[in-house]
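Each chain, letter by letter, is given below.
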Amino acid sequence: MTHVEDPAVIGSFTIQGRLGRGAMGAVYLARSPGGRLVAVKVVRDELAGDAAFRARFAREIEAPRKVGGAFTAAVVDADPDAEHPWLATEYLPGPTLQKAIDTSGPLTPGGVQSLAGGLAEALMAIHASGLIHRDLKPSNIVLTDNGPRVIDFGIARALEEASLTATGVVVGTPGYLSPEQITGTAIGPPSDVFALGAVLVFAASGRGPFAHGNPASLLHRVVHEQPHIPPLPNPLQDVVRRCLARDPSHRPTPEELLQVLGSSASTALLSPPAETIPYPLPPTKLLLAQPQPLQPRPAPPTGAAFTTSRTRPAIIAGITTVLFLAFIQRDPQMQAQHPATTAFFGIVDLIFLYFAIRSWRLVLRRRVVLRLSPQGLRVERGYKQGMIPWDGVTRLRVGGDVRHPWLIAWLEAPYQSTLPAPKRRHHGGIRIYPIAHGATVNRRIRQVDELRAALNWYAGRLHDNSY
């Protein structure tokens, strides 16, 4: 399926349809002058205007050439100097692992073991060339008749360096990134092995080892919680567990994985679904065949969202209000005969009144929604909302009282009145989001941790982590 804004020709390739969009830009199905099917990735506008990214892109597109096409999509052509830099790779017939699982469900244990062996062999070839994939995930794995093929490695490094320079964030997919990629420590081949373990859990169960949710929740779970691994036969169960070890030194190498798993009887994991294009096409069909239109899928949600809740304060407010009314002494004769008892009930009643008023204040406070995304932060407070790009923020910090923490933002002068927020300032900063006020201690700690993870992810260079 093509769109109005799609080009008709890129380099010497004729566009047949759009396959999708990724972190780098749009991906098109195209034909070479000789009729060969290729996938052409075209860099999006904001990256095309970045001279530093162009230089990194030109350097990193050589990575697939070093590995060859046995385990990856071979590079056919590229032009890093074009108005919109592009990269053409061999078109691989077959679904991605993500598409296959979404369509047909999880693989059998035998299929998972076959996938593990193929990916381990691919990582061996990639690492032997001195490269690290950095973004191994189900949508970057294509299932072909000759085993799984890994795509889009090398590009992740160029994107990551550009994003770190611009915003201080890391490019990747939460849930498949290793703990060291999230915390910013040394990245190496074990990082790809961690991602391999996460991919195998997804292939076996249809969900990642850290479930799903907004990026902040996933990042927090990867660093602080244990993965959920579905029941698998040994040695596959032990292999997956070792791959997902938090300490990189405890993970096996791809070579060790192959030794443990042995060779697979078949490399064909699934039959390609009918919507994939057979390749190579017979000569009589080569000039006439058109790609089947792909079914549109809703874009996955991006960013992390945090919302204040009034459920717990409402329950407490209701209970304390009822108790306050129940303890009110209405009988003057009783008050005269038992002054001590009356005084006791009066004190208890005042306590219930205090907690009722305190809880009703939280219930009546306007709902606040904080959204963090690659573009910036948005705050919705009642019927008011405001959005600020990251270049309008100078500093972000979790501060305030330990029992009532706030996310505090220091903004550039033109943006200081943009966000709906309380007028009271905090050392020159603006309190923009009350973190789990009125919630339990455990919930407050968890939301603080998740918010910190999201800040490190989307605005690492702006986040003041001292608290």
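To be clear, the structure that these remarks concern was listed above.
Predicted model, so just to flag it, every value in this text is computed and none were measured.

Peer 1: Help me understand the pairing of strand β6 (residues 86–90) in this model?
Peer 2: Remember that side chains alternate between the two faces of the sheet whenever the strand is regular. The buried fraction of β6 amounts to five of the five residues, a majority that puts the element mostly inside the structure. Pairing analysis gives five bridges linking strand β4 (residues 37–43) to β6, with the strands arranged antiparallel. Looking across to β6, one finds that Val38 is bridged to Glu90. When strand β5 (residues 75–79) meets β6, the two strands line up antiparallel, connected through four bridges. The residue of β6 that forms the bridge with Asp77 is Ala88.

Peer 1: Please explain the layout of surface pockets as it appears in this structure.
Peer 2: The method is simple in principle: a probe with the dimensions of a water molecule rolls over the atoms, and the space it marks as empty is what remains. Looking at the second largest pocket, its volume works out to about 520 Å³. Along its surface, the second largest pocket is lined by 18 residues, and Arg358, Leu362, His404, His437 and Gly438 are the ones closest to its centre. Elements with a minimum of two residues in the lining of the second largest pocket: α13 (311–326), α15 (339–364) and α16 (441–459). Here the element with the most residues in the lining of the second largest pocket is α15; it accounts for six residues. In terms of residue class, the lining of the second largest pocket is built from seven nonpolar, five polar and six charged.

Peer 1: Before we go on, may I ask you to explain a nonpolar patch on the surface in this structure?
Peer 2: A grouping of Ile347, Ile351, Tyr354 and Phe355 is seen on the molecular surface, where their side chains present a nonpolar patch of about 410 Å² in accessible area. Along the chain, Phe355 turns up in helix α15. Phe355 sits in the partly exposed class, given a relative accessible area of 37%.

Peer 1: Looking at this structure, I do not really get the packing of α13 against α15. What am I missing?
Peer 2: Between two packed helices, what matters for the description is the angle formed by their axes and the separation of those axes. With their axes 8 Å apart at the nearest point, α13 and α15 run at an angle of 150° to one another. With respect to each other, α13 and α15 are oriented roughly antiparallel. The handedness of the crossing between α13 and α15 is left-handed. Counted together, Pro313, Ala314, Ile316, Ala317, Gly318, Thr320, Thr321, Leu323 and Phe324 of α13 and Asp349, Phe352, Leu353, Phe355, Ala356, Ser359, Trp360, Leu362 and Val363 of α15 form the full contact between these two elements. Considered class by class, the residues forming the contact of α13 with α15 number 13 nonpolar, four polar and one charged.

About the cut-offs
- Residues numbered from 1 in each chain as written.
- Predicted model: local features only at pLDDT ≥ 70, side-chain atom pairs only at ≥ 80, totals over all residues.
- Heavy atoms only, no water.
- Buried < 20%, exposed > 50% of the residue type's maximum accessible area, 1.4 Å probe, protein only.
- Helix = DSSP H or I, 4+ residues; strand = E, 2+ residues; numbered from the N terminus.
- Pairing = 2+ DSSP bridges.
- 1 Å grid on protein atoms, 1.4 Å probe; cavity = no way out; pocket = protein on both sides within 12 Å on 5 of 7 lines; lining within 4 Å.
- Points joined across faces, edges and corners; volume = space filled by probe spheres on them.
- Nonpolar A, V, L, I, M, F, W, Y, C, P; charged D, E, K, R; others polar.
- Patch = residues over 30% accessible without salt bridge, like charges linked within 9 Å, V, L, I, M, F, W, Y side chains within 5 Å.
- Areas by Shrake-Rupley, 256 points an atom, 1.4 Å probe, with all protein chains shown as cover.
- Salt bridge = Lys/Arg side-chain N within 4 Å of Asp/Glu carboxyl O.
- Axes fitted to C-alpha atoms, helices over the stretch in contact; angles between N-to-C directions.
- Parallel < 35°, antiparallel > 145°, perpendicular 65-115°, else oblique.
- Left-handed = near helix turned anticlockwise from the far one by under 90°.
- Contact = heavy atoms within 4.5 Å.

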